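Each chain is listed here by its residues.
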Amino acid sequence: MGSPRRLALWWSWLACVRATRPVGPCDIFAAGGTPCVAAHSVARALYANVSGPLYEIRRASDNATTDVPVLADCGIVDASVVDAFCDRDCTITKIYDQSPMRNDLSIAPARRGFRDLGVNATRRATTVGGRTVYAAVFEQEPLATTPKEVGVGYRNDNTTGIATGDDPETLYMVVAGDHYNGACCFDYGNAEDHIGDDGAATMEGISWTRRTGRGA
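Per an unreviewed UniProt entry, the recorded name for the protein is Alpha-L-arabinofuranosidase, and the organism is Aureococcus anophagefferens.

Spelled out as C-alpha cells, the structure:
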C-alpha cells in the first residue's frame, strides 16, 4: 500500500511560546514523508511558513466578507480583524486549506431541500498567548431557524490528493473536550462526492460524539 495521506484539523488552540514561528504539525508530517493534503484551522497556522488568511467571514448586516489572517510573529490568527469587522452577527463562510492541495471548505450546499449553515464566527472565544481567538463551534441549535436548516456543515466535493476508497490515511484533529453530541455524527475526513448515503463503512472520518453504538 502507498504512503499514508495526512489530514490536519485544528479547532483548538496552542500558545505562542516563542517569538519565532513554531514548526507546525504539517511540517512534521511532511518531514516524515507523509505530507498533509488538507490542513484547516481557525486558530493557527499549521505550517511555519503560512502567511495567507485562515478563513473568511461574512457580516449579516450587509453580507460583506473579509479574510482573517495570521499574525506574523507566531502564526496565531489575528482575531482583532473579526472584532473590527463584525457588528453583531458574523458567519464563517470558508475555511482555507493551508496545504498545497488547496482543498478549501465552504458551507455545504443545499441537498434534498435542506441546507447547512456556517459557523457563528464569535460563538466561543479563548486566549492564546494573551490574544483572543475564536473556535469553530459546530451545533444544530441555536443557529437553525427553520425546519429546512439542519445545523452547520462544510464540504468540498472536488478535492485534490484526498484518500479515496481504502487508501491509507491519517486524520489529526484537536477539539474542545466539553463540546460533543449524543448521536451521529460530527464527521471530518473523506466522504461521498455526491448527495446520498452509500451505506455504513463507505467513508472514513473522526466522529466526535458520546454515542458508542453503530457507526454512520
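Back to the text.
J.: What is the right way to read the nonpolar core from this model?
T.: Soluble globular proteins: nonpolar side chains tend toward being buried together. Ranked by internal contacts, the top residues of the largest apolar core, which has 40 residues, are Tyr47, Tyr55, Ile57, Val82, Ile92 and Val119. Mapped by element, the contributors of at least two residues to this core are α1 (25–31), β2 (36–41), β3 (55–59), α2 (80–85), β5 (90–95) and β10 (131–134). Counting residues per element, this core draws most heavily on β2, which supplies four residues. Dropping the residues within four chain positions of it, Val82 is found in contact with Tyr55, Ile57, Val68, Ala121, Thr122 and Tyr134.

J.: Sorry, what's going on with the confidence of the model for the protein here?
T.: Detailed conclusions should not be drawn from predicted coordinates in areas where pLDDT is low. Residues with a pLDDT of 70 or more make up 79% of the protein, whose mean pLDDT is 80. Within the protein, the lowest mean pLDDT, 44, falls on strand β1 (residues 5–10), and the highest, 98, falls on strand β4 (residues 65–68). Long-range and interchain partners of residues 1–15, a stretch whose pLDDT sits below 50, account for 78 contacts in this model, where long-range means more than four residues apart.

J.: Sorry if this is basic, but what is going on with the pattern of salt bridges here?
T.: Should the charged atoms of two oppositely charged side chains come close, the side chains can pair. Taken as a whole, this structure holds three salt bridges when the rule is applied. One salt bridge connects Arg59 with Asp62, and the closest N-O pair in it is separated by 2.8 Å. With a closest N to O distance of 2.8 Å, Arg155 and Asp157 form a salt bridge. Judged by its relative accessible area of 30%, Asp157 is partly exposed.

J.: Before we go on, may I ask you to explain the environment of Arg155 in this structure?
T.: Inspection of the secondary structure assignment puts Arg155 in strand β12 (residues 154–155). Residues Arg155 and Ala108 lie 47 residues apart in sequence; the distance between their C-alpha atoms is 4.8 Å. Apart from residues no more than four positions distant in its own chain, Arg155 is found in contact with Leu105, Ser106, Ala108, Pro109, Ala191, Glu192, Asp193 and His194. Within the local environment of Arg155, its side chain forms a polar contact with the side chain of Asp157, the two groups lying 2.8 Å apart.

Here is what the cut-offs are and how they apply
Residues numbered from 1 in each chain as written. Predicted model: local features only at pLDDT ≥ 70, side-chain atom pairs only at ≥ 80, totals over all residues. Heavy atoms only, no water. Core = buried A, V, L, I, M, F, W, Y, C linked by side-chain atoms within 4.5 Å. Buried < 20%, exposed > 50% of the residue type's maximum accessible area, 1.4 Å probe, protein only. Helix = DSSP H or I, 4+ residues; strand = E, 2+ residues; numbered from the N terminus. Contact = heavy atoms within 4.5 Å. pLDDT = per-residue confidence, 0-100. Salt bridge = Lys/Arg side-chain N within 4 Å of Asp/Glu carboxyl O. Polar contact = N/O pair within 3.5 Å; in protein donor to acceptor, adjacent residues only side chain to side chain.

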